[in-house]
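Residue-level structural notes
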Amino acid sequence: MRTSGTGHQGAGRDDEFAAAPEHYDSRAYDRRQYDRRQYDRRQYDSRQYDSREYDNRKYGRAGHSGQPRRASLPVRAGRVVSGVVAGAVLVLAAVVVGAQYLGGQRGFPGPGSASVAAHVVAALVAVGAQIVADRARGFAAFAAPVVVIVTASILLITQWWG
């Protein structure tokens, strides 16, 4: 951009104000940019970003802090216990799959394909229910840990103690 009266190539957008300071009036520049009320803070906030609407949409009925409400103690305890149980079911499935693989490689009978399938299905159900338990609220946050524990109990009764 070539500014009038300077005789050199300008370096940027504000170069005309630096080259001709008598033409730069900060109030006129600010009015030209901001008097259209497009940057009025109250109008901008009320049109696009109503903080109450954003908090309620993101966090449900969050209250004034904007943070999600904490789950009750029984729900949190259920999540912890079911998380440990889901991890144990996953480890059992890995052990049974590994034993079946090693049995096939070394020529001795492994646990069998029915036991492997039961462990894999139980691990998938337990991990899926645990994910739901960790993310859900309300009744699902209570029911999902029960599903994990019942699945592990059925697996232990049918495959290990039966």
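The structure reproduced in this document is the subject of the present report. If you're wondering where the values come from, they're calculated on a predicted model, not measured in any experiment.

1. Section: the environment of P74
In this structure, P74 sits in helix α5 (residues 73–106). Spatially, the C-alpha atoms of P74 and F142 are 8.5 Å apart, while their sequence positions differ by 68 residues.

2. Remarks on a nonpolar patch on the surface
Together, F139, F142, V146, V150 and I154 give the surface a local cluster of nonpolar side chains, amounting to about 530 Å² of exposed area. For I154, the position within the fold is in helix α7 (residues 139–160).

3. So, the side chain of R79
Within the fold, R79 resides in helix α5. Of the side chains with opposite charge, D134 comes closest to the buried, unpaired R79, at an N-O distance of 4.9 Å. At 2.9 Å, the side chain of R79 and the backbone oxygen of A136 are in polar contact. Ignoring anything within four residues of it in the chain, the contact list for R79 reads A71, Q130, A133, D134, A136, A141 and P145.

4. Section: the packing of aromatic side chains
This structure, assessed with the given rule, holds 1 aromatic pair. Here F139 and F142 contribute two aromatic rings whose centre-to-centre distance is 6.5 Å and whose plane-to-plane angle is 50 degrees, an arrangement assigned as tilted. Here F139 and its partner F142 are both found in helix α7, 3 residues apart, which amounts to about one turn of the helix. Among the residues examined, F142 registers a relative accessible area of 52% and is labelled exposed.

5. Here's the deal with helix α6 (residues 113–135)
Structural remark: α-helix, 3.6 residues per turn; residues separated by three or four positions point the same way. Between the first and last C-alpha of α6 there are 33 Å, a value that for 23 residues agrees with the 33 Å anticipated at 1.5 Å per step. Within α6 the residues assigned to the buried category are S115, V116, H119, A122, A123, A126, A129, Q130 and A133.

6. Considerations on α5
With 34 residues, α5 ought to run about 50 Å at 1.5 Å a step, and its terminal C-alpha atoms sit 49 Å apart, in line with that. Those residues of α5 that sit buried are V75, R79, S82, A86, V89, A93, V96 and G103. Each element contacted by the buried residues of α5 is listed here: α6 and α7. Downstream of α5 by one or two residues, G107 has phi in the positive range, about 85 degrees.

7. Examining the environment of A126
Take A126: it is sitting in helix α6. In this structure A126 comes out as buried when scored by relative accessible area, which is 0%. Put simply, A126 and S82 are 44 residues apart on the chain and 8.5 Å apart in space, counted from C-alpha to C-alpha. If we skip the residues at most four places from it in the chain, A126 touches A86, V89 and V148.

8. Considerations on the layout of surface pockets
In this structure, the largest pocket encloses a volume near 200 Å³. Taken together, 10 residues line the largest pocket, and the ones lying closest to its centre are R69, R70, A71, R79 and R137. Across the lining of the largest pocket, the residue classes tally to 5 nonpolar, 1 polar and 4 charged.

Calculation criteria
Residues numbered from 1 in each chain as written. Predicted model: local features only at pLDDT ≥ 70, side-chain atom pairs only at ≥ 80, totals over all residues. Heavy atoms only, no water. Helix = DSSP H or I, 4+ residues; strand = E, 2+ residues; numbered from the N terminus. Patch = residues over 30% accessible without salt bridge, like charges linked within 9 Å, V, L, I, M, F, W, Y side chains within 5 Å. Areas by Shrake-Rupley, 256 points an atom, 1.4 Å probe, with all protein chains shown as cover. Salt bridge = Lys/Arg side-chain N within 4 Å of Asp/Glu carboxyl O. Buried < 20%, exposed > 50% of the residue type's maximum accessible area, 1.4 Å probe, protein only. Lys, Arg positive; Asp, Glu negative; His and termini not counted. Polar contact = N/O pair within 3.5 Å; in protein donor to acceptor, adjacent residues only side chain to side chain. Contact = heavy atoms within 4.5 Å. Phe/Tyr/Trp six-rings, centres within 6.5 Å; stacked < 30°, edge-to-face > 60°. Expected span 1.5 Å × (residues − 1). 1 Å grid on protein atoms, 1.4 Å probe; cavity = no way out; pocket = protein on both sides within 12 Å on 5 of 7 lines; lining within 4 Å. Points joined across faces, edges and corners; volume = space filled by probe spheres on them. Nonpolar A, V, L, I, M, F, W, Y, C, P; charged D, E, K, R; others polar.

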